[in-house]
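Each chain, written out:
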Amino acid sequence: MAVSVESFLKLCFLFCLVSTSSGQLSPTFYLQTCPTLQTIVSLTMTTTVLLDPRMGASLLRLFFHDCFVNGCDASVLLDDTATFTGEKNAGPNANSLRGFGVIDTIKAAVELVCPGTVSCADILALAARDGVALLGGPSWTVALGRRDATTASQSAANSNLPGPGSSLSQLIAAFATKGLNARDMTALSGAHTIGQARCVNFRSHIYNDANVDAGFASQRQRNCPSSGGDNNLAPLDVQTANTFDNAYYRNLIAMRGLLHSDQELFNNGTQDALVQQYSTNAAAFAADFAAAMVKMGNISPLTGSSGEIRSNCRRVN
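Reference entry: report on the structure contained in this document. Predicted model only: the values in this text are computed from it and were never measured. (Residues numbered from 1 in each chain as written. Predicted model: local features only at pLDDT ≥ 70, side-chain atom pairs only at ≥ 80, totals over all residues. Heavy atoms only, no water.)

Comments concerning the nonpolar core
Here is the rule we go by: Only buried Ala, Val, Leu, Ile, Met, Phe, Trp, Tyr and Cys residues count toward a nonpolar core, and they belong to the same one when joined by side-chain atoms within 4.5 Å. For each residue, the accessible area found with a 1.4 Å probe, counting protein chains only, is set against the maximum for its type, and the residue is called buried under 20%, exposed over 50%, and partly exposed in between. Runs of E in the DSSP output that reach at least two residues are strands. Runs of H or I that reach at least four are helices, and both are numbered from the N terminus. The contact criterion used is simple: two residues touch if any of their non-hydrogen atoms lie within 4.5 Å.
Grouped together as the largest cluster of nonpolar side chains are 72 residues, with contacts concentrated most on Phe289 and Met296. Considering each element in turn, this core owes the most residues, nine residues, to helix 5 (residues 120-134). Not counting residues within four places of it along the chain, the set of residues in contact with methionine 296 comprises Phe63, Phe64, Cys67, Phe68, Cys72, Leu180 and Leu188. Listed in part, the 12 residues of the second largest apolar core include Phe202, Cys224, Leu236 and Leu259.

Quick notes on the pattern of salt bridges
As a reminder of what qualifies: Salt bridge, as used here, is a side-chain nitrogen of Lys or Arg placed within 4 Å of a carboxyl oxygen of Asp or Glu.
Under the definition given, this model contains 11 salt bridges. Among the ionic pairs, aspartate 79 bridges to lysine 88, the shortest N-O distance being 2.4 Å. What makes aspartate 79 partly exposed here is its relative accessible area of 26%. Under the relative-accessibility criterion, lysine 88 is labelled buried at 13%. For arginine 314, the salt bridge is made with aspartate 79, and the minimal N-O distance between the two is 3.5 Å. One end of the pair, arginine 314, is in the segment after helix 14 (282-297); the other, aspartate 79, is in the loop between helix 3 (54-67) and helix 4 (100-113), and 235 residues separate them in sequence.

Let's talk about the packing of helix 8 (residues 182-189) against helix 13 (residues 272-280)
Put simply, the test is: Helix axes are fitted to C-alpha atoms over the stretch in contact, other axes to C-alpha atoms as well, and angles between N-to-C directions run from 0 to 180 degrees. Working rule for angles: under 35 degrees goes down as roughly parallel, over 145 as roughly antiparallel, 65 to 115 as roughly perpendicular, anything else as oblique. Handedness of a crossing follows from how the near helix is turned relative to the far one, being left-handed for an anticlockwise turn of less than a right angle and right-handed for a clockwise one. Amino acid classes used here: Ala, Val, Leu, Ile, Met, Phe, Trp, Tyr, Cys and Pro are nonpolar; Asp, Glu, Lys and Arg are charged; the rest, including Gly, are polar.
Packing of helix 8 against helix 13 leaves a shortest axis separation of 11 Å and a crossing angle of 45 degrees. Between helix 8 and helix 13, the angle falls in the class oblique. Remark: the crossing between helix 8 and helix 13 carries right-handed chirality. Facing helix 8, whose interface residues are Arg183, Thr186 and Ala187, helix 13 presents Leu274, Val275, Gln277 and Tyr278. Its residues assigned to classes, the contact of helix 8 with helix 13 comprises four nonpolar, two polar and one charged.

Notes on the state of the cysteines
Put simply, the rule is: Sulfur atoms of two cysteines make up a disulfide when they are within 2.5 Å.
Here the structure, examined in full by the defined rule, presents four disulfides. Across the disulfide from cysteine 120 sits cysteine 313; the S-S distance is 2.1 Å. With the S-S bond torsion at -95 degrees, the cross-link from cysteine 120 to cysteine 313 turns out left-handed. Linking cysteine 120 in helix 5 with cysteine 313 in the segment after helix 14, this pair joins segments that are 193 residues apart in sequence. Summarising the burial analysis for this pair, cysteine 120 and cysteine 313 share the class buried. The connectivity of the disulfide bonds within the chain can be written as 1-4, 2-3, 5-8, 6-7, using the sequence rank of each bonded cysteine.

A short note on the packing of aromatic side chains
This is how it is decided: A pair of Phe, Tyr and Trp rings is counted when the ring centres sit within 6.5 Å of each other, with Trp represented by its six-membered ring. The angle between the planes then sorts it: under 30 degrees is stacked, over 60 is edge-to-face, the rest tilted. Should the NZ of a Lys or the CZ of an Arg lie within 6 Å of a ring centre and within 35 degrees of the ring normal, that charge is described as sitting over the ring.
Enumeration according to the criterion identifies 12 aromatic pairs in this entry. With a centroid separation of 4.4 Å and an interplanar angle of 45 degrees, the aromatic rings of phenylalanine 64 and phenylalanine 68 are classed as tilted. Both residues of the pair, phenylalanine 64 and phenylalanine 68, belong to the buried class. Taking the centre distance of 5.0 Å and the plane angle of 70 degrees together, the rings of tyrosine 249 and phenylalanine 285 count as edge-to-face. Linking tyrosine 249 in helix 11 (residues 247-253) with phenylalanine 285 in helix 14, this pair joins segments that are 36 residues apart in sequence. Under the relative-accessibility criterion, tyrosine 249 is labelled buried at 0%. Residue phenylalanine 285 is classed as buried on the basis of its relative accessible area, which comes to 2%. An aromatic cluster is built from Trp140, Phe244, Tyr248, Tyr249, Tyr278, Phe285 and Phe289, whose rings are joined through pairwise contacts. Above the face of the phenylalanine 100 ring, lysine 88 is positioned so that its terminal group lies 4.1 Å from the ring centre.

Some remarks on empty space enclosed by the protein
For the record, the criterion: Here a cavity means grid points, on a 1 Å grid over the protein atoms only, where a 1.4 Å probe fits yet cannot get out; a pocket means an open set of points with protein on both sides within 12 Å along at least five of seven lines; lining residues are those with an atom within 4 Å of a point. Grid points are joined across faces, edges and corners, and a volume is the space filled by probe spheres set on the points.
In total, this model carries one cavity of 30 Å³ or more according to the counting rule given. There is about 70 Å³ of room inside the largest cavity. Around the largest cavity sit Phe63, Ala125, Trp140, Thr141, Val142, Ala143, Arg146, Met293, Val294, Gly297 and Asn298, which together line it. Element by element, the count of residues in the lining of the largest cavity is highest for helix 14, at three residues. Residues of the lining of the largest cavity, tallied by class, amount to seven nonpolar, three polar and one charged.

Brief notes about the layout of surface pockets
The computed volume of the largest pocket comes to approximately 930 Å³. Residue lining of the largest pocket: 39 residues in total, with Arg61, Phe64, His65, His192 and Leu259 positioned closest to the centre. Tallying contributions element by element places helix 3 first for the lining of the largest pocket, with seven residues. Grouping the constituent residues of the lining of the largest pocket by class yields 21 nonpolar, 13 polar and five charged.

Right, dumping it as structure tokens:
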């Protein structure tokens, strides 16, 4: 009987090893090893968003910029050093990504109760989800078990992230390379219902494009001159800048998208009908956005023995 029990325990141990190394993420990954993780993230995010509602958008963008560059592996969080070039100073990230300090705060709190257990990549995934929900958007189940990258790629950050001047075909192609279809792309673009953009990223649209409402362009030009003022901010959603809703799509129909890439979604193209649907059906948008966020969170995660669990999200161990 003792031999049978021993054999059973060995089989269980092997099964656990296989499960851990199979590359499968799971919502219950930390159930035994760090059961208070999601509570810690939620409490920190609640305080953060209360004090600075824009931070919900910033952390969502930070997660997107992480996942689109070699997968959701927290590579975007790594600082440059004398011998290491990270992604923070890539063109799409420099002087615009925010929220690193929030991730540091959450990580420090988690390390106190679950040292060496929870990855920075998983913390970022949870923080992005909670930021959306706290601003009135949908929530979703975050599968966990990602590990942290020991490398980063500034060149990949420069090439993989679609820019504000992207055409519809470029947007569809950029998302397709990550396993996301055109519907996912249009739903995820709805993240621009919150947050702000810098003048340098929308100047060309409000001064040069024809598919923009004249009154809206004039309004934005008051804070975004034709030269200078590159870092002046404007809300991506002129109606409800700090509320996660479907007003972004109503803005597009009214030709009041802030970025060229925003307005491309409603410009006599393949996504016009979906934009119209989302503009009148908030529930459909919320459901599609949540589903697309789950898909994006599954882009090339490091699992099993790949990568590491950083003790400090800004540097490799």
